[in-house]
Amino acid sequence: MIPIYGQLVDQETRCVHYHSTKDIIAIKFKCCGKYYPCYQCHQAEGHKISVWKKEEFDHKVILCGVCKTEFTIRQYLQMDKCTCCGSMFNEGCKLHHHLYFE
């Protein structure tokens, strides 16, 4: 099982900041190599955010909280739901892509 860090509220990677039915992904942060549900959980532990560069978009850094499948950044950016279990991802996450990806 992949450990998820931060202020989780359930086993599907929802946190105190984002906890709708669609908030089910965790992101592996480049700076520390740990999965967090959101940038706020990451920052709460005193970590600075380093964005993944375009040439790193083939790294598996996105985790579906429902089925625990890992995806590359490139795969994730082309999906609106998990291609493994069919669970919908929060479309609002796109507003924060600049915090994670170049």
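Notes on the structure in this doc start here. What you see as residue numbers is a count from 1 along each chain, following the sequence as written. Only residues with pLDDT of at least 70 get local features here, since the model is predicted, and only at 80 or more are side-chain atom pairs given and counted; chain-wide, interface and lining totals rely on the full set of residues. Side-chain measures were taken over the full set of non-hydrogen atoms in the model, leaving aside hydrogen atoms and water.

**Brief notes about the pairing of strand S1 (residues 25-28)**
Where S1 meets strand S3 (residues 60-64), three bridges bridge the pair, whose relative direction is antiparallel. Directly across from Ile25, in S3, lies its bridge partner Cys64. At least two DSSP bridges between two strands are required for those strands to pair. Secondary structure elements are defined from DSSP: runs of H or I of at least 4 residues count as helices, runs of E of at least 2 residues count as strands, and each element is numbered from the N terminus. Relative to strand S2 (residues 35-36), S1 runs antiparallel, the two being bridged by two bridges. Counted as the bridge partner of Ile27 is Tyr36 from S2. Hairpin connection, S1 to S2: the antiparallel pair is bridged by six residues, and Gly33 has positive phi, about 70°.

**Description of the side chain of Asp23**
Mapped onto the elements, Asp23 comes out in the segment before S1. Within the buried set, Asp23 has no salt-bridge partner at all; the shortest N-O distance to an opposite charge, 6.2 Å, is to Arg14. Throughout this description, a polar contact denotes any pair of N or O atoms lying within 3.5 Å of each other; where both atoms belong to protein, one of them has to be capable of donating a hydrogen while the other can accept it, and for residues adjacent in sequence the pair is counted only when both atoms sit in side chains. At 3.3 Å, the side chain of Asp23 and the backbone nitrogen of His19 are in polar contact. A distance of 2.8 Å separates a polar atom in the side chain of Asp23 from a polar atom in the side chain of Asn90. In what follows, a contact means two residues having at least one pair of non-hydrogen atoms within 4.5 Å. Look past the residues within four positions of Asp23 in its chain and what remains in contact with it is Glu12, Thr13, Arg14, Tyr18 and Asn90. In this scheme, a residue with accessible area under 20% of its type's maximum is buried, one over 50% is exposed, and one in between is partly exposed, where area comes from a 1.4 Å probe on protein chains only. The charge count includes Lys and Arg as positive and Asp and Glu as negative, but it does not include His or the ends of the chains. Definition used for salt bridges: Asp or Glu carboxyl oxygen within 4 Å of a side-chain nitrogen of Lys or Arg.

**Considering the environment of Val51**
Within the secondary structure, Val51 is located in the loop between helix H1 (39-44) and S3. A relative accessible area of 28% means that Val51 is categorised as partly exposed. Apart from the residues within four sequence positions on either side, Val51 is in contact with Lys30, Glu56, His98, Leu99, Tyr100, Phe101 and Glu102.

**A word on unusual backbone geometry**
Its identity as a non-glycine residue notwithstanding, Thr13 has a phi of 75°, on the positive side. Mapped onto the fold, Thr13 is located in the segment before S1. Positive phi, normally seen in glycine, also occurs at Lys68, with a value near 65°. Mapped onto the elements of the fold, Lys68 is located in the loop between S3 and strand S4 (70-72).

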